[in-house]
Amino acid sequence: MSKYGDLIKKARETEPENQKTSQPDNQRSDLTEIEQMVNLCVKVPISQRRYWMSKAKEQGITVTSVIVEALIQKFGEPENQETRKPR
């Protein structure tokens, strides 16, 4: 076995006493109210990406915030923020 293999195996078998695996009830409800974030992938020419990234950095903003702002301006925000569950 590798140099650290025994240590890793032992660490996986036992859970430290000071580490809790479950959250208190009052924190669980807060986490369920936060909507899951996902990636939105867009293919663009690398020269344009480099330019846009440098301009955003100069202005101290993120490209993500610019894209989200543009999408909201173009399409608006959904009236019902609740997501539907897959069938």
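Whatever comes next refers back to the structure up there.
Attention here is on the structure that accompanies the text. Bear in mind that the values here come from a model prediction, so they are computed numbers and not experimental data.

Side note on helix 4 (residues 63-75)
Moving on, step 1. In this model, helix 4 (13 residues) spans 18 Å end to end at C-alpha, consistent with the 18 Å of a helix rising 1.5 Å per residue.
Moving on, step 2. A positive phi of about 80 degrees marks Gly76, the residue just after helix 4.

Focus: the pattern of salt bridges
Moving on, step 1. Enumeration over the complete set of coordinates arrives at 1 salt bridge.
Moving on, step 2. Lys55 is paired through a salt bridge with Glu58; the nearest N and O atoms lie 3.7 Å apart. Taken together, the residues span about one helical turn, with Lys55 and Glu58 both in helix 3 (residues 46-59) at a distance of 3 residues.

Some details on helix 3
Moving on, step 1. Here helix 3 is 14 residues long and its end C-alpha atoms lie 20 Å apart, about the 20 Å a rise of 1.5 Å per residue gives.
Moving on, step 2. Where helix 3 terminates, the next one or two residues include Gly60, which has phi positive at roughly 70 degrees.

Observations concerning a nonpolar patch on the surface
Moving on, step 1. Where nonpolar side chains cluster on the molecular surface, the patch consists of Leu40, Val42, Val44, Tyr51, Trp52, Ile67, Leu71 and Phe75 and spans about 840 Å² of accessible area.
Moving on, step 2. For the nonpolar patch, the elements supplying multiple residues, two or more each, are helix 3 and helix 4.
Moving on, step 3. Here the element with the most residues in the nonpolar patch is helix 4; it accounts for 3 residues.
Moving on, step 4. Its place among the elements puts Phe75 in helix 4.

Thresholds applied
Residues numbered from 1 in each chain as written. Predicted model: local features only at pLDDT ≥ 70, side-chain atom pairs only at ≥ 80, totals over all residues. Heavy atoms only, no water. Helix = DSSP H or I, 4+ residues; strand = E, 2+ residues; numbered from the N terminus. Expected span 1.5 Å × (residues − 1). Salt bridge = Lys/Arg side-chain N within 4 Å of Asp/Glu carboxyl O. Patch = residues over 30% accessible without salt bridge, like charges linked within 9 Å, V, L, I, M, F, W, Y side chains within 5 Å. Areas by Shrake-Rupley, 256 points an atom, 1.4 Å probe, with all protein chains shown as cover.

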